[in-house]
Structure formats: structure tokens, C-alpha cells
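Topology and contacts: notes
Here is what each chain is made of, one letter per residue.
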Amino acid sequence: MNKSSPMLEIKDLQVSINENQILKNLNLTVNKGEIHAIMGPNGSGKSTFSKVLAGHPAYSITNGQIIFKGSDILTLEPEERSHLGIFLAFQYPIEIPGVTNEDFLRLAYNAKQKFYNKPIVDPIEFLTIIHEKLNLINMSPLFLSRNINEGFSGGEKKRNEILQMILLNSELAILDETDSGLDIDALKTISLGINNFMNSSKSIVLITHYQRLLEYIKPTYVHVMQNGKIIKTGSAELAKKLEKKGYEWLK
């Protein structure tokens, strides 16, 4: 990818599930170093958009392109998109009994190493790598021996997602309502982890209902999605206006 080309280009994207059209001619350009917040009422297509970017198989793409780092990725499997640098943090991270965080994170890390023909790391080497990352999101090393998300609080589940993002060093992070269900302390911790991750060579698409997250993570642009398309784009001030006035005034 040359310096001037966008990280992500969405062109006239139309998406359906069970023959119901959800995204309707959606267009969006995200450059390196930018944070794009997407807001909108429930049912407007925000979570669908995040899943489609990550390659969820349940959705049918009936028109348009998803161009990531200059290449159309529509035909790529989710794991290929992940290796290329796309990360999706789930709104509702699932529990996986019987698999420890440490094993899961090491396997994910080594899968990416293998994709780029880099040496895989053994468990001892991995511990050195992961401990450094744990510090960035204020997580105890004891967390590594626990099963994935099993018995985790909402804040721990969300921190686990951010830990994965930091470990994989993804270039485009899609965060689907990472702030939902968090108290103010957890929100600050997760925001700190996201801000530590972000730099001029990365991009974030942040899906949120609430302006409060944007007090900690400053967006370059705020977009309003309604009925499957982006109907308004503005600065961080737009989020404050939505907080006060809701969405009705945009209709």
C-alpha cells in the first residue's frame, strides 16, 4: 500500500441476509491514522457492517467493493482478512470452555507468524511477548490461565478483545460497541489500551451508541448510519449534538 492510498474503501456496498437488504449503497473511505466513529439508531446496519468487513459468512454481498490496502477482499475468508490486518472486536464476546487464554492467544499469534513466513514461538517465548501486552491494558498475568471469557465480567471480556487486537498488531481495528456494558473505570482502561494501540499507520472504525466513549478516544470523523447507509458525516461535535438531540432531527 502506498502512502496516499486509503486503508479501507467501501464502494456502493449492498448487503442482504435472508433476502432482506440491510446495507444500501454504503460508501466510506478510511485513511491511515484516522478514527471513524459510526453512530446510529438500533437496526441501522452498524453491526452488520462490522461483520461484513470481517467476512462473516451469513451475509450476501449483492453489490459493491471492500478494498483493503488497495486490494478487493470480498472473496477472502475471515482468517485471511485477519492475517492481512483486519481485526473485529465483538459486541458480545463468546465464552470458550476448555481453552485457556494463553493457548488461544499463542495459536492466534503463531497463525499470523506462519502466514508471513516468520518463526513461530514456543510457550516460554510467548509469555515474554504477552506479558508486555498485558501491561498495556492493566490485566493480571493470572488471566492467562483462565478459559476464554468464562466467568469474565463485561469489562474483562472487552479487555480480552483489546488484548487480542494489540497482540496481533492489526492495521484496521473494527470495534463493535466495545463500550457497551462498561462502568467508567473499565471504559477508561479500555480507552487507554486503544489509544496505546493507535498510531499514524493504523486505522480504527468505532461503532458506538454513546458520546462518552468519544471523550476518551478522539474521532477524526463521526458518521451517522440510518437504514443501511451513511446519511451524515461530521467532527466530534456531531456526536455531542446527537447526544443532546437524538436522531430525529436528521430525518
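Our subject is the structure listed above.
A quick note: this is a predicted structure, and the numbers were derived from the prediction, not measured.

**Observations regarding the overall build of the protein**
Within the protein, the secondary structure is distributed over seven helices and 12 strands. On C-alpha atoms alone, the protein measures out to a radius of gyration of 18 Å, which is about the 18 Å that the 2.2 N^0.38 rule sets for 251 residues. Within the protein, the fraction of its 251 residues that count as buried is 49%. Contacts spanning at least 24 positions in sequence make up 68% of the contacts within the protein whose residues lie at least 6 apart. By element, 50% of the accessible surface of the protein is carried by carbon and sulfur atoms, the whole surface being about 12100 Å². For the protein, the distance from the average site of its 28 positive side-chain charges to the average site of its 27 negative ones is 7 Å.

**Quick notes on the sheet that holds strand S2 (residues 20–30)**
Neighbouring strands of a sheet are bound in pairs by backbone hydrogen bonds; such pairs are parallel or else antiparallel. Read across the sheet, four strands follow the order S2-S1-S4-S5 without closing on themselves; strand pairing throughout is antiparallel. On the outer flanks of this sheet lie S2 and strand S5 (71–72), each paired with one strand and no other. Here seven bridges tie strand S1 (residues 8–17) to strand S4 (residues 60–68), and the two strands are oriented antiparallel to one another. Its bridge partner lying in S4, Ser16 is registered against Ser60.

**Let's talk about the environment of Ile207**
Here Ile207 is to be found in strand S10 (residues 203–207). Sequence separation of Ile207 and Glu177 is 30 residues, and the distance between their C-alpha atoms is 5.3 Å. Among residues more than four places away in sequence, those in contact with Ile207 are Ile38, Lys46, Ser50, Leu175, Asp176, Glu177, Thr178 and Asp179.

**Thoughts on the environment of Ala173**
Secondary-structure assignment places Ala173 in strand S9 (residues 172–176). Sequence separation of Ala173 and Lys51 is 122 residues, and the distance between their C-alpha atoms is 12 Å. Filtering out sequence-adjacent residues up to four positions away, Ala173 remains in contact with Phe87, Met165, Phe197, Ser203, Ile204 and Val205.

**A closer look at the pairing of strand S6 (residues 86–89)**
With burial as the criterion, each face of S6 is covered, one bearing Ile86 and Leu88 and the other bearing Phe87 and Ala89. Pairing analysis gives four bridges linking S6 to S9, with the strands arranged parallel. Bridged to Leu88 within S9 is Ile174.

**Regarding the packing of aromatic side chains**
Here the structure, examined in full by the defined rule, presents three aromatic pairs. Ring geometry for Phe143 against Phe152: centres 5.6 Å apart, planes inclined by 50°, an arrangement best described as tilted. Its relative accessible area of 8% is what places Phe152 among the buried residues. Sitting over the ring of Trp249, Lys245 keeps its end group 5.0 Å from the ring centre.

**Some points on the nonpolar core**
Nonpolar side chains tend toward joint burial in soluble globular proteins. Among the nonpolar cores identified, the biggest contains 44 residues, and Ile162, Met165, Leu175, Ile194, Ile204 and Leu206 are the most heavily contacted of them. Looking at this core element by element, the count peaks at six residues for helix H5 (residues 154–168). With residues up to four places along the chain from it excluded, the contact list for Ile194 reads Ile162, Met165, Leu175, Ile204 and Ile217. Counting 25 residues, the second-largest nonpolar core is a separate cluster that includes Leu8, Ile38, Leu88 and Met225.

**What to know about the packing of helix H4 (residues 123–136) against H5**
Two numbers describe a pair of packed helices, the interaxial angle and the distance between the axes. Contact geometry for H4 and H5: axes closest at 10 Å, N-to-C directions at 125°. One way to sum up the angle between H4 and H5 is to call them oblique. Between H4 and H5 lies a crossing whose hand is right-handed. Along the contact surface, H4 presents Phe126, Ile129, Ile130, Lys133, Leu134 and Leu136, while H5 presents Leu163, Ile166 and Leu167. Here the residues of the contact of H4 with H5 are counted per class, giving eight nonpolar, no polar and one charged.

**A closer look at the pairing of S1**
Examined bridge by bridge, S1 and S2 share seven bridges and lie antiparallel to one another. Bridge pairing in S2 links Glu9 to Thr29. Following S1, the chain reverses through two residues before pairing antiparallel with S2; Asn18 in that reversal takes a positive phi of roughly 50°.

So, how was this worked out
Residues numbered from 1 in each chain as written. Predicted model: local features only at pLDDT ≥ 70, side-chain atom pairs only at ≥ 80, totals over all residues. Heavy atoms only, no water. Helix = DSSP H or I, 4+ residues; strand = E, 2+ residues; numbered from the N terminus. Rg over C-alpha atoms; globule rule 2.2 N^0.38 Å. Buried < 20%, exposed > 50% of the residue type's maximum accessible area, 1.4 Å probe, protein only. Contact = heavy atoms within 4.5 Å. Areas by Shrake-Rupley, 256 points an atom, 1.4 Å probe, with all protein chains shown as cover. Lys, Arg positive; Asp, Glu negative; His and termini not counted. Charge placed at Lys NZ, Arg CZ, Asp CG, Glu CD. Pairing = 2+ DSSP bridges. Phe/Tyr/Trp six-rings, centres within 6.5 Å; stacked < 30°, edge-to-face > 60°. Lys NZ or Arg CZ within 6 Å of the ring centre and 35° of its normal. Core = buried A, V, L, I, M, F, W, Y, C linked by side-chain atoms within 4.5 Å. Axes fitted to C-alpha atoms, helices over the stretch in contact; angles between N-to-C directions. Parallel < 35°, antiparallel > 145°, perpendicular 65-115°, else oblique. Left-handed = near helix turned anticlockwise from the far one by under 90°. Nonpolar A, V, L, I, M, F, W, Y, C, P; charged D, E, K, R; others polar.

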